[in-house]
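This is what each chain is made of:
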Amino acid sequence: MAAEAAPPPSSPSAAGANPGRNPKRKRKPKPKSAGPSALNPNWAQLQSKLPQRPAATHLGKRKHDAGPPPQPPASSEPSPAEVEVKLEPTSDDASLTKAVAIDCEMVGVGSDGSKSALGRVTVVNSFGNVVYDEYVRTVERIVDYRTRISGIRPKHMNKAKEFWVVQKEVAELIKGRILVGHALHNDLKVLLLSHPKKDIRDTSEYEIFRRLDGRERGGH
């Protein structure tokens, strides 16, 4: 019987017989494909003409992937809302002018402080300078000073004037002058005074202000 032919060198048995070859050796990674600029020489020129896209922000991520919003840099300067705004007069002239503005502050009296009583009267001239500023002694005991709104504190009542004195002095100041204020009917009512309508300039009745507030009131 004829002898069997030897297996070809490329068979698995031949690879095992070759000690210099490691069958578990990792294959070399394939080289990365060239970028578009290498494949297309016009890509770089086209890309330079395209508008630059903004960098990605957390707004473009999904809700569950979005990280915390960026915090503003720490600053020792207070924000504009924290800065106290003070009105400065346009001059140092404290004389009586043709037009004066008035504002009254109320305090709470009565059993629960819900009843309003005159606590302070301030009058300024056309330059924004104070020409009259007096605290008023109430007839009833003050239950609520309403300091957050009125600025009045118990110590201010130590130098308060009687109501009838303040009423007379204010009446002399505003007589024959243009009276400016906001909701002046409330100020005049608490002072038990009247003033000619033609000489009243009430900002609460100013059409532009009412339109900005979204309130249109007729019959005034």
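Values in this document were obtained by computation on a predicted structure and should not be read as measured data.

This part is about the nonpolar core. Counting residues in each nonpolar core, the largest one holds 18 residues, and the members touching the most others are I102, C104, L118, V121, V170, L179 and L191. Among the secondary structure elements, those contributing two or more residues to this core are β1 (99-109), β2 (115-124), β3 (130-137), α5 (163-174) and α6 (184-191).

Buried within α6 are the following residues: L184, D187, L188, V190 and L191. Down the axis, α6 shows its buried residues gathered within 165 degrees of arc, on one side only. Its buried side turned inward, α6 meets β1, β2, α5, β6 (178-181) and β7 (200-202). Immediately beyond the C-terminal end of α6, within one or two residues, lies L192, with a positive phi of roughly 55 degrees.

Moving on: unusual backbone geometry. Glycine aside, residues mostly have negative phi, and peptide bonds are mostly found in the trans state. A positive phi is found at A183, a non-glycine position, where the angle reads about 55 degrees. In this structure, A183 sits in the loop between β6 and α6. Phi is positive for L192, which is not a glycine, with a value near 55 degrees. Residue placement: L192 occurs in the loop between α6 and β7. Classification of L192 as exposed rests on a relative accessible area of 62%.

This part covers the pairing of β1. Taking burial as the measure, the eleven residues of β1 include nine buried ones, the bulk of the element. Of the strand pairs in this sheet, β1 and β6 are connected by three bridges, and their pairing is parallel. In the strand pairing of β6, A99 is matched with I178. Alignment of β1 against β2, held across nine bridges, turns out to be antiparallel.

Within the secondary structure, T97 sits in the loop between α3 (43-49) and β1. A polar atom in the side chain of T97 sits 2.6 Å from the backbone oxygen of A99. Setting aside chain neighbours within four positions, we find T97 in contact with N125, S126, F127 and R177.

Next up on the list: the pattern of salt bridges. A complete count under the given rule lists six salt bridges for this structure. For E169, the salt bridge goes to K161, with nearest N and O atoms at 3.3 Å. With a relative accessible area of 24%, E169 lands in the partly exposed category. The structure contains a network of salt bridges with shared partners spanning E134, K161 and E169.

Here F163 is to be found in helix α5. Expressed as a C-alpha distance, the spacing of F163 and R137, which sit 26 residues apart in the sequence, is 6.3 Å. Apart from the residues lying within four places of it in its own chain, the contact partners of F163 are L118, V136, R137, V190, L191 and L192.

The next thing to look at is α5. The end-to-end C-alpha distance of α5 is 17 Å, a good match for the 16 Å that twelve residues give at a rise of 1.5 Å each. Among all positions of α5, only V166, V170, L173 and I174 are buried. Projection of α5 onto a plane perpendicular to its axis shows the buried side chains occupying an angular sector of 80 degrees, all on one side. Opposite its buried face, α5 presents the exposed residues W164, K168 and E172, each directed more than 90 degrees away. Once α5 ends, the next one or two residues include G176, with phi positive near 75 degrees.

Thresholds applied
Residues numbered from 1 in each chain as written. Predicted model: local features only at pLDDT ≥ 70, side-chain atom pairs only at ≥ 80, totals over all residues. Heavy atoms only, no water. Core = buried A, V, L, I, M, F, W, Y, C linked by side-chain atoms within 4.5 Å. Buried < 20%, exposed > 50% of the residue type's maximum accessible area, 1.4 Å probe, protein only. Helix = DSSP H or I, 4+ residues; strand = E, 2+ residues; numbered from the N terminus. Arc of directions from axis to C-beta. Contact = heavy atoms within 4.5 Å. Pairing = 2+ DSSP bridges. Polar contact = N/O pair within 3.5 Å; in protein donor to acceptor, adjacent residues only side chain to side chain. Salt bridge = Lys/Arg side-chain N within 4 Å of Asp/Glu carboxyl O. Expected span 1.5 Å × (residues − 1).

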